[in-house]
Amino acid sequence: MTVIGGGIAGLCAAIAARRGGAVVRLLEAAPRPLRGGNARHGRNFRLTHETPLDYVPDRYTAEELRAELRSVTGDDTDRALTELLIERAHSIAGWLIDHGVHLQPPGTGVMPYSRRTAFPLGGGKAMINALYASAERLGIAINYDSEVRSILRSEGGGWTINVRSTGADDPIRTRSVVVCAGGAGADQAWLRANFGSTAEGWMVRGTPYADGRLLDLLIGAGGCAIGDPTTCHVVPVDARGPQFDGGIVTRITSIPLGLVVDRSGARIDVAGAGSQPTHYAKWGPRIADCPGQLAYLLLDARGLARAAPSALAPITAPSLGELAATLAIDPAALLQNIDDFNAAPANAARTIAVPPFFAYPMRPGLTFVHYGIKVDATMRVVQADGRRHDDLFAAGMIMAANVLRLGYLAGLGITLSAVFGQIAGEEAARHVRG
């Protein structure tokens, strides 16, 4: 069988299928140094547990996860898949540990307290490297720089995958296919078609290889699309970061400590954003609505002292006038808005008064789109006419919209991808074994 996509969903699918007795080839579009999809930027993953464990404190029950999922999805979700996700969220940490992933003990390093999520020791890249090592030990064939151009039904059964690598196209015959190639977020033309010209000012937090090509192939072959291509999870990121692959380190975390203005110096705000982790998802769309999709977070010396470390140092100036000049903002407008802010600072923010002064330029950073391919409870791709292929599966963010058609929960992306990747691999192996 063949797995398309070398992120965490693809790795979990390949390992589960190999352990299930299948001969497995994994096709990764990225070169080896950039392997791993968006999970290599991952920081933590959500799991349920009834008691404290070596890698997560206190308890976090299935009932709590179910309630929190319902709070973001409402009734617009596939209940069977949601229950599968909740059930396996209990065992996913043990499965990852069994395949070489190390988790960080609570209270060590600089990780925050979390009873809902566990933190891979060394971050997402270390987790991905451990799973690749496990896959290699199991004898899974791995092809990097392998761009899938088509997936066609073969005469006599199975599939023919046309793969472009080092400039040449080669067909691969396979009895079963698991597609774990991510969603459509990294294709700027696709984003512009669905979100309008404002998408040109967005940045993509993850891999440029999750470009939606495989999603288009599945839909073009009759697969049923699910979700809304015009809704997404987007958060504020440092505008000076890379267009792609900025990951979590370019996310701006200190908005509750300061004042946000647009390019004209006008204050912008988000009602009810507060300082909870959900404020990221509220600020992202607000910045996307700003002129040029650009805004600035302003902090004074006290605000910066309370802020978490950032990947890129803030822009610094000894006075607010000089900061305005550096940002090419009208000084009079900026100073007036700061005076108004200082008269009644919002939430936990302090006044902007103690020099030196700092600014972070911010743009919307796309995490994922609430759109993908419909699957059943075995991860088999469902056709638009309701039928399904017994030997074509999908897992990971390409099918996440079956569960998440709105909102997001911290750490859920890795859990969802690992759990559904496992299931897809198990089912594909069962199919090829007959």
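Look up a bit, the structure's there.
Every value quoted in this text rests on a predicted model; they were computed, and no experiment measured them. (Residues numbered from 1 in each chain as written. Predicted model: local features only at pLDDT ≥ 70, side-chain atom pairs only at ≥ 80, totals over all residues. Heavy atoms only, no water.)

Trainee: What am I meant to see in helix H12 (residues 412-433) here?
Mentor: An α-helix turns once per 3.6 residues; consequently, residues spaced three or four apart project the same way. Its 22 residues give H12 an end-to-end C-alpha distance of 32 Å, which sits within 8% of 32 Å, the value for a rise of 1.5 Å per residue. For H12, the tally of buried residues reaches 18 of 22 residues, placing the bulk of the element in the interior. (Helix = DSSP H or I, 4+ residues; strand = E, 2+ residues; numbered from the N terminus. Expected span 1.5 Å × (residues − 1). Buried < 20%, exposed > 50% of the residue type's maximum accessible area, 1.4 Å probe, protein only.)

Trainee: I tried to follow unusual backbone geometry on my own but got confused; where do I start?
Mentor: Glycine aside, negative phi is the norm for most residues, and most peptide bonds take the trans geometry. Each neighbour pair has its own omega, and for Pro355 with Pro356 the value is -5°, a cis peptide bond. Along the chain, Pro356 falls in the loop between helix H11 (331-343) and strand S15 (357-373). In the Ramachandran plot, Asp58 falls in the positive-phi region, its phi being about 60° despite a non-glycine side chain. Relative to the assigned elements, Asp58 resides in the loop between strand S3 (45-46) and helix H2 (62-73). A positive phi angle, near 50°, is found at Asp145, a position not held by glycine. You can see Asp145 is positioned in the loop between strand S5 (141-143) and strand S6 (147-153). Taking relative accessible area as the criterion, Asp145 reaches 40% and is therefore assigned partly exposed.

Trainee: In this structure, what is going on with the pattern of salt bridges? I would like to understand it.
Mentor: Any two side chains of opposite charge can pair, given that their charged atoms come close. Across all of its chains, the model carries 23 salt bridges by this definition. Across the pair Arg213 and Glu147 runs a salt bridge, and its minimum N-O distance is 3.0 Å. Taken together, the residues span a long stretch of sequence, with Arg213 in helix H7 (residues 213-220) and Glu147 in strand S6 at a distance of 66 residues. The partly exposed category is assigned to Glu147, whose relative accessible area is 26%. Between Asp300 and Arg302 there is a salt bridge, with the nearest N and O atoms lying 3.3 Å from each other. (Salt bridge = Lys/Arg side-chain N within 4 Å of Asp/Glu carboxyl O.)

Trainee: Looking at this structure, I do not really get the sheet that holds strand S8 (residues 168-174). What am I missing?
Mentor: For sheets, the rule is that strands pair by backbone hydrogen bonds, running either parallel or antiparallel. The three strands are arranged S6-S7-S8 in an open sheet whose pairing can be described as antiparallel. Across the chains shown, the open sheet's two edge strands, defined by having one partner strand only, are S6 and S8. With strand direction ignored, the average angle separating the axes of adjacent strands in the sheet is 20°. For S6 and strand S7 (residues 159-165), the ladder comprises six bridges, and the chain directions are antiparallel. Looking at the pairing, Leu152 lines up with Thr160 of S7. (Pairing = 2+ DSSP bridges. Axes fitted to C-alpha atoms, helices over the stretch in contact; angles between N-to-C directions.)

Trainee: Could you clarify how one ought to interpret the packing of helix H1 (residues 8-19) against H12 in this entry?
Mentor: Describing two packed helices takes the angle between their axes plus the distance from one axis to the other. Remark: H1 packs on H12, axes separated minimally by 7 Å, with the N-to-C direction vectors making an angle of 30°. Note on packing geometry: the crossing formed by H1 with H12 is right-handed. Taken together, the residues of H12 that come into contact with H1 (itself represented by Ile8, Ala9, Cys12, Ala13, Ala16 and Ala17) are Ile414, Ser417, Ala418, Gly421, Gln422, Gly425, Glu426 and Ala429. Of the residues in the contact of H1 with H12, the class split is nine nonpolar, four polar and one charged. (Left-handed = near helix turned anticlockwise from the far one by under 90°. Contact = heavy atoms within 4.5 Å. Nonpolar A, V, L, I, M, F, W, Y, C, P; charged D, E, K, R; others polar.)

Trainee: Which parts of the structure should I look at to understand helix H5 (residues 123-137)?
Mentor: Under the 1.5 Å per step criterion, the end-to-end length of H5 is 22 Å for 15 residues, consistent within 8% with the ideal 21 Å. Along H5, the residues classified as buried are Gly124, Met127, Ile128, Ala130, Leu131, Tyr132, Ser134 and Ala135. Looking at the buried residues of H5, the elements they touch are H1, strand S2 (25-27), helix H4 (92-98), S5 and H12. Backbone geometry just after H5 places Gly139 at a positive phi near 90°.

Trainee: For this particular structure, what's the right way to read the packing of aromatic side chains?
Mentor: Between two aromatic rings, the relevant description is the distance of the centres plus the angle of the planes. Within this structure, the stated rule accounts for four aromatic pairs. An angle of 50° between the planes, with centres 5.0 Å apart, marks the rings of Phe195 and Trp202 as tilted. Trp202 carries the same exposure label as Phe195, and that label is buried. Taking NZ or CZ as reference, Arg251 lies 4.0 Å from the ring centre of Tyr280, over its face. (Phe/Tyr/Trp six-rings, centres within 6.5 Å; stacked < 30°, edge-to-face > 60°. Lys NZ or Arg CZ within 6 Å of the ring centre and 35° of its normal.)

Trainee: Got a minute to help me understand the packing of H2 against helix H3 (residues 79-88) in this structure?
Mentor: Look at H2 against H3: their axes get within 10 Å of each other, and the N-to-C directions meet at 140°. On the basis of the axis angle, H2 is oblique to H3. Here H2 runs over H3; the crossing is right-handed. Across the interface between the two elements, Ala62, Leu65, Arg66, Leu69 and Arg70 of H2 pack against Arg79, Thr82, Glu83, Leu85 and Ile86 of H3. When its residues are assigned to classes, the contact of H2 with H3 shows five nonpolar, one polar and four charged. (Parallel < 35°, antiparallel > 145°, perpendicular 65-115°, else oblique.)

Trainee: Looking at this structure, how should I read the environment of Met111?
Mentor: Along the chain, Met111 falls in the loop between H4 and strand S4 (117-118). Distance in space between the C-alpha atoms of Met111 and Arg43 is 9.3 Å, their sequence separation being 68 residues. Among residues more than four places away in sequence, those in contact with Met111 are Arg43, Gln104 and Phe119.

Trainee: How should I be thinking about the side chain of Arg35 in this particular structure?
Mentor: Along the chain, Arg35 turns up in the loop between S2 and S3. Notably, Arg35 is buried but unbridged: the nearest opposite-charge side chain belongs to Glu136, and the N-O separation is 4.2 Å. Only 3.1 Å separates the side chain of Arg35 from the side chain of Asn129, close enough to count as a polar contact. The contacts of Arg35, once residues within four sequence positions are left out, are Glu28, Ala30, Arg40, Ile128, Asn129, Tyr132, Glu136 and Tyr144. (Lys, Arg positive; Asp, Glu negative; His and termini not counted. Polar contact = N/O pair within 3.5 Å; in protein donor to acceptor, adjacent residues only side chain to side chain.)

Trainee: I'm lost on the side chain of Ser154 in this one. Help?
Mentor: Positionally, Ser154 belongs in the loop between S6 and S7. Reaching out from Ser154, the side chain makes a polar contact with the side chain of Thr160 at a distance of 2.6 Å.

Trainee: Looking at this model, I keep getting lost on the environment of Ala324. Mind explaining?
Mentor: Note that Ala324 resides in helix H10 (residues 320-327). Separated by 218 residues in sequence, Ala324 and Pro106 place their C-alpha atoms 42 Å apart. Beyond its immediate stretch of four places on either side in the chain, Ala324 contacts Ile329, Pro331 and Leu334.

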